[in-house]
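Next come the chains, spelled out residue by residue.
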Amino acid sequence: MNNSKTLRNYLLVAPQTLVFLLFLVLPIIAIAIVSFWNFNGFAMTPGFTLNNYLGIFSSRVYLSTYLNTFKFAFLVWLICLLISYPVAYFLAFHIKSPKWQTILFLICTVPFLTSNIIRMISWIPFLGREGLINQALMGLGITNQPVEIFLFSDFSVILAMVHLYCLFMVAPIFNSMMRIDRSLVTASEDLGSSPFQIQKEIILPLSASGIAIGSIFVVTLVMGEFATMRIMSGGKSSSVGYLIKNQLDSLQYPLAAANAVVLLIVTLIIVFAILRVVDIRKEL
């Protein structure tokens, strides 16, 4: 009887295991293998060499690209958190009706009904030299000529990424806050706690798991970005994802694979660091 039950359990998990192996583990293994192949500038040959990795860690261009990626990941994460936390708090604690909570949350998801490219391009009429922002600044007399930093700059890249990924931070934080027992907040108010103390001692600690999940979503998405970098920076800035895309376009598969492996390892280290700080199991 125990043997048949064990066999049944194995059969139940077999489909998920096969999908996991075929579409995640095996592709990663293949990328890792190719990353050690030789590349002479024109063609790649199977073999084993560390030159691809040595080139990454010895090149100032590669290192500056990784630092640039970390900069964008940190800034987008920080801005998303500063925007998402108040939005989630307002929806969870100031909107009493579950119906209106649902309606307002769905309104937040409306931009996601369109593609990422359309959402990025929609900023160009606002940020361009003849865009609405520059027209407003010149109309108010704040500046006499168009401001160049709005479009095709780090500012436009960060703005577009925040627009694209902010909801990935709002949703888990909102979910965590909805799980908080409201009697804790009521008891703290009765004891004379200030709103700041309630946030510091109750709301923030109990929503930390949602913040951690949102942080994982945002950081991993930004670390692999390339389309936003290309469109919104106008080719003036770069990231590791954009670098890998260019290497693939030029058929430099071993170099692209090596950068992909390094990026994967760095991203996993960041994710594990977040998981070490916050226990998210109660949210799963």
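Please refer to the structure higher up on the page.
Since the model is a prediction, treat every value here as computed from it, not as a measurement.

A. Highlighting the overall build of the protein chain. From N to C terminus, the protein chain includes 15 helices and two strands. What you see for the protein chain is a C-alpha radius of gyration of 24 Å, clearly larger than the 19 Å of a compact globule of 284 residues, by over 25%. Reported as C-alpha extents along the three principal axes, the dimensions of the protein chain are approximately 85 × 70 × 35 Å. Burial analysis of the protein chain (284 residues in total) assigns 36% to the buried set. Taking all contacts inside the protein chain whose residues are at least 6 apart in sequence as the whole, residues at least 24 apart take part in 69%. For the protein chain, the accessible area works out to roughly 16900 Å², and carbon and sulfur atoms hold 72% of it. Across the protein chain, the centroid of the 17 positively charged side chains sits 7 Å from that of the 11 negatively charged ones.

B. Structural view of helix α12 (residues 208-223). Helix length check: α12 (16 residues) gives 22 Å between terminal C-alpha atoms against 22 Å at 1.5 Å per residue, within 8%. Along α12, 12 of the 16 residues are buried, which leaves the element largely enclosed by surrounding structure. Those residues of α12 that sit buried are Ser-209, Gly-210, Ile-211, Ala-212, Ile-213, Gly-214, Ser-215, Ile-216, Val-218, Val-219, Val-222 and Met-223. Buried residues along α12 sit against α3 (60-94), α8 (154-165), α9 (167-178), α11 (195-206), α14 (240-249) and α15 (253-277).

Procedures and definitions
- Residues numbered from 1 in each chain as written.
- Predicted model: local features only at pLDDT ≥ 70, side-chain atom pairs only at ≥ 80, totals over all residues.
- Heavy atoms only, no water.
- Helix = DSSP H or I, 4+ residues; strand = E, 2+ residues; numbered from the N terminus.
- Rg over C-alpha atoms; globule rule 2.2 N^0.38 Å.
- Buried < 20%, exposed > 50% of the residue type's maximum accessible area, 1.4 Å probe, protein only.
- Contact = heavy atoms within 4.5 Å.
- Areas by Shrake-Rupley, 256 points an atom, 1.4 Å probe, with all protein chains shown as cover.
- Lys, Arg positive; Asp, Glu negative; His and termini not counted.
- Charge placed at Lys NZ, Arg CZ, Asp CG, Glu CD.
- Expected span 1.5 Å × (residues − 1).

Shape descriptors only; they carry no functional weight alone.
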